[in-house]
Amino acid sequence: MPTAHLVLSGAKVRTLDPDRPYATSVAVRDGLIAAVGDETDVRDWCGPGTEVVHLDGAHLVPGLVDAHSHPVWGLDMATGTDLSGVTDLAGLRAALADAERTDGWVTGFGLDHNAFEGRPVDRDLIEDVLDGTPALLRLYDGHSALATGPALTAAGVHGPRDFAQRSQVVCDASGRPTGHLVEHAAMDLVAAIAPRPSYAARRARLVELLSAMAATGLTGAHVMDAGDPELVDSVARETVLPVRLRFAPWCMPGADRTALDELIAVQGRGGRHWRTGGVKFFMDGTVEGGTAWLEHADCHGQGTDAFWPDPEAYAAAVRHLHAAGVRTATHAIGDAAARHVLDVVEGLGPGGRGAHRIEHLETVPDELLPRFARLGVAASMQPPHTAYTRADGTDEWSRRLGTGRAGRAWRLRDLRDAGAVVALGSDWPIAHYDARAVLATARTPRGAASTRAGLTGLEALEGCTTHAALAAGESDTTGRIAPGLRADLTALGLDPVTAPADEVAQAPVRLTVTGGHVVHRGT
């Protein structure tokens with residue numbers, strides 16, 4: 001009989017496998033689960049080379065997965081001064097006055113729209129404390145930024161621009177750029193010339209980041225961008241990636257048949273613990289930026305346009321990829337965006353079931369809820385985003401939408417009750433990657449969503465395990481603890497299902513195993 005290279009014993013195993021829901025021991029061989037049961041079931045798997053880890057009553061669950069993250073793209077996004085703790089304009093000005101200069105620039109990230117206290121995002125509010133230093137400050141949503149005059153000048157941005165996708169260089173009545181750059185194409189004008197971490201720095205930060213993610217119990221992430229394949233593969237060849245990465249490269253407006261075929265060609269490429277699987281679309285932007293596609297304008301008169309100027313071109317691209325067997329994930333925050341994606345998937349017929357997903361879904365009307373289960377469209381949602389809103393409705397997100405639409409915030413419970421697959425994630429660097437916080441906030445949503453019931457402890461765990469696997473089309477290989485499945489495992493010091501949510505958020509992570517490799521050992 002072959003022997004295991006790793007045996008975990010003395011655990012309280014919650015397998016999420018209906019054939020054997022509970023166990024005490026797991027044996028691992030060649031990156032896969034070899035046996036699940038009690039001590040006698042795995043005893044014969046032990047040999048001279050077997051590492052036996054006694055978990056002393058820790059709670060072992062399927063490896064936690066972040067269903068929406070940007071661990072490679074985020075290396076560039078989350079650079080410079082961390083502005084996530086800034087809550088008002090005075091705090092922002094103080095942070096920028098003391099900010100470190102890199103190659104003569106100030107860069108920052110994580111800036112909350114609420115820090116502007118209801119004022120328009122404008123460089124006039126900060127330029128005097130920067131004393132002529134070019135600056136690029138990314139807002140927390142990843143879809144907007146604030147650039148100072150010297151930065152705009154260096155980028156050759158002196159007025160409005162036309163883009164193939166919904167993006168905007170915001171200008172005042174005289175045509176002067178305010179510095180507010182809305183959506184990717186506009187931000188890229190300045191980001192292209194701003195300081196960027198070196199290859200060596202990005203490489204070191206990637207290993208450090210993935211190790212920190214594993215320390216929160218994460219074993220995998222659905223990466224909603226193309227990442228940097230050369231960088232990831234180089235690291236993966238030299239060491240074990242602590243977190244398994246599944247990349248879905250972007251498809252942007254204007255993509256022709258050649259571009260779509262290139263996306264098809266890269267499917268399945270990868271290496272140890274990483275691969276490309278799927279394509280990511282944007283149907284809209286963000287509520288705070290005025291670019292969420294809404295069925296009725298927001299309270300600023302914005303939000304009635306799709307990210308794809310021709311939504312039918314999006315539909316055609318999805319149909320082409322679907323015909324080639326490519327799964328799609330579409331960013332859709334507003335109600336009109338979600339409806340359009342559901343309509344497109346419905347048009348694919350029965351073959352579309354279980355092959356497509358929608359990301360974010362911040363405000364969903366009642367009539368759309370049952371369509372997710374009926375069409376087999378997974379809802380990929382990020383509970384920590386609720387923390388950017390306020391229960392009293394004074395935040396920018398709630399003010400933009402108005403009371404009625406803000407009352408439909410992050411309908412995790414309603415989607416599960418409607419029978420939908422609900423996969424959970426963080427959207428790092430938009431919110432912190434801590435998997436325990438994802439589990440906890442799914443049970444007790446914050447801000448505008450705090451009046452709604454959250455998920456149960458079991459449903460939250462499923463969102464980061466079985467439902468994440470379903471959303472990725474990987475339920476036959478992962479998401480449960482059963483023989484033949486991936487040996488991706490998380491051991492916590494308490495039961496994530498029955499312990500109170502606030503305790504889950506601080507749960508000790510005893511062990512993280514990815515592909516049979518112990519990538520984190522806690523105390």
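Above this text sits the structure in question.
The notes below deal with the structure included here. Worth saying up front: this structure is predicted, and the values here are computed from it rather than measured.

Description of the overall build of the protein chain
Okay, step 1: The helix and strand tally for the protein chain stands at 19 helices and 26 strands.
Okay, step 2: Computed over C-alpha atoms, the radius of gyration of the protein chain comes to 23 Å, within 12% of the 24 Å expected from 2.2 N^0.38 for 523 residues, which places it in the range of a compact globule.
Okay, step 3: Across the 523 residues in the protein chain, those meeting the buried criterion constitute 61%.
Okay, step 4: Taking as baseline every contact in the protein chain between residues at least 6 positions apart, the subset at least 24 positions apart corresponds to 72%.
Okay, step 5: Of the accessible surface of the protein chain, which amounts to about 19,200 Å², a share of 50% is contributed by carbon and sulfur atoms.
Okay, step 6: Looking at charge distribution, the protein chain has the averaged site of its 48 positive side-chain charges lying 3 Å from that of its 66 negative ones.

A word on the sheet that holds strand E16 (residues 244-247)
Okay, step 1: With mixed pairing, five strands are arranged side by side in an open sheet as E8-E15-E16-E18-E17. The open sheet has two free edges, formed respectively by strand E8 (64-69) and strand E17 (270-271), since each of these has just one partner strand.
Okay, step 2: By the bridge criterion, three bridges tie E16 to strand E18 (residues 274-276) in an arrangement that is parallel. Note on E18: the bridge partner recorded for Arg 246 is Arg 275.
Okay, step 3: Strands in contact with helix H8 (residues 229-238) are E16, E17 and E18; relative to E18, the strand with the most contacts, it is inclined by about 155°.

Re the environment of Gly 473
Okay, step 1: By the element assignment, Gly 473 lies in the loop between helix H18 (466-471) and strand E24 (489-492).
Okay, step 2: Classification of Gly 473 as partly exposed rests on a relative accessible area of 42%.
Okay, step 3: Here the alpha-carbon distance between Gly 473 and Gly 376, two residues 97 residues apart in the chain, equals 11 Å.

Here's the deal with the side chain of Arg 400
Okay, step 1: Along the chain, Arg 400 falls in helix H13 (residues 396-401).
Okay, step 2: Arg 400 gets classed as buried once you look at its relative accessible area, which sits at 7%.
Okay, step 3: Among the polar contacts made by the side chain of Arg 400, one reaches the side chain of Asp 298 at a distance of 3.0 Å.
Okay, step 4: In contact with Arg 400, not counting residues within four places along its chain, are Val 287, Glu 288, Gly 289, Gly 290, Asp 298, Cys 299, His 300, Gln 302 and Arg 405.

Description of the sheet that holds strand E9 (residues 81-82)
Okay, step 1: If you walk across this open sheet you meet the six strands as E9-E10-E11-E12-E14-E13, and the pairing is mixed. Only two strands of the sheet have a single neighbouring strand rather than two, namely E9 and strand E13 (168-171).
Okay, step 2: In the packing of helix H6 (residues 184-191) onto the sheet, the strands contacted are strand E11 (135-139), strand E12 (144-147), E13 and strand E14 (177-182), and the crossing angle to E14 comes to about 120°.

So, the pattern of salt bridges
Okay, step 1: Inspection of the entire model under this criterion finds 37 salt bridges.
Okay, step 2: A salt bridge links Asp 335 to Arg 408; the nearest nitrogen and oxygen atoms lie 3.0 Å apart. Highlighted residues: Asp 335 in helix H11 (residues 335-347) and Arg 408 in the loop between helix H14 (403-406) and helix H15 (412-417), separated in sequence by 73 residues. Each member of the pair, Asp 335 as well as Arg 408, carries the same accessibility label: buried.
Okay, step 3: Across the salt bridge formed by Glu 346 and Arg 374, the nearest N and O atoms sit 3.1 Å from each other. With Glu 346 in helix H11 and Arg 374 in helix H12 (residues 369-375), this pair connects stretches of sequence that are 28 residues apart.
Okay, step 4: Overall, the relative accessible area of 36% leaves Glu 346 in the partly exposed class.
Okay, step 5: Put simply, Asp 76, Arg 196, Arg 202 and Asp 228 are held in one network by salt bridges that share partners.

Quick notes on the packing of helix H7 (residues 199-214) against H8
Okay, step 1: Interhelical geometry of H7 versus H8 gives an angle of 60° and a closest axis separation of 11 Å. Judged by the angle between their axes, H7 and H8 are oblique. At the point where H7 passes H8, the crossing takes the right-handed sense. Every residue of H8 that contacts H7 at Tyr 199, Arg 202, Arg 203, Leu 206 and Val 207 is listed here: Glu 230, Leu 231, Val 232, Ser 234, Val 235 and Glu 238.
Okay, step 2: Here the residues of the contact of H7 with H8 are counted per class, giving six nonpolar, one polar and four charged.

Concerning the environment of Thr 466
Okay, step 1: As for its placement among the helices and strands, Thr 466 is situated in helix H18.
Okay, step 2: A sequence separation of 461 residues divides Thr 466 from His 5, and the C-alpha atoms of the two residues are 25 Å apart.
Okay, step 3: In this structure, Thr 466 is in contact with Leu 16, Gly 479 and Arg 480, ignoring residues within four places of it in sequence.

Rules used throughout
Residues numbered from 1 in each chain as written. Predicted model: local features only at pLDDT ≥ 70, side-chain atom pairs only at ≥ 80, totals over all residues. Heavy atoms only, no water. Helix = DSSP H or I, 4+ residues; strand = E, 2+ residues; numbered from the N terminus. Rg over C-alpha atoms; globule rule 2.2 N^0.38 Å. Buried < 20%, exposed > 50% of the residue type's maximum accessible area, 1.4 Å probe, protein only. Contact = heavy atoms within 4.5 Å. Areas by Shrake-Rupley, 256 points an atom, 1.4 Å probe, with all protein chains shown as cover. Lys, Arg positive; Asp, Glu negative; His and termini not counted. Charge placed at Lys NZ, Arg CZ, Asp CG, Glu CD. Pairing = 2+ DSSP bridges. Axes fitted to C-alpha atoms, helices over the stretch in contact; angles between N-to-C directions. Polar contact = N/O pair within 3.5 Å; in protein donor to acceptor, adjacent residues only side chain to side chain. Salt bridge = Lys/Arg side-chain N within 4 Å of Asp/Glu carboxyl O. Parallel < 35°, antiparallel > 145°, perpendicular 65-115°, else oblique. Left-handed = near helix turned anticlockwise from the far one by under 90°. Nonpolar A, V, L, I, M, F, W, Y, C, P; charged D, E, K, R; others polar.

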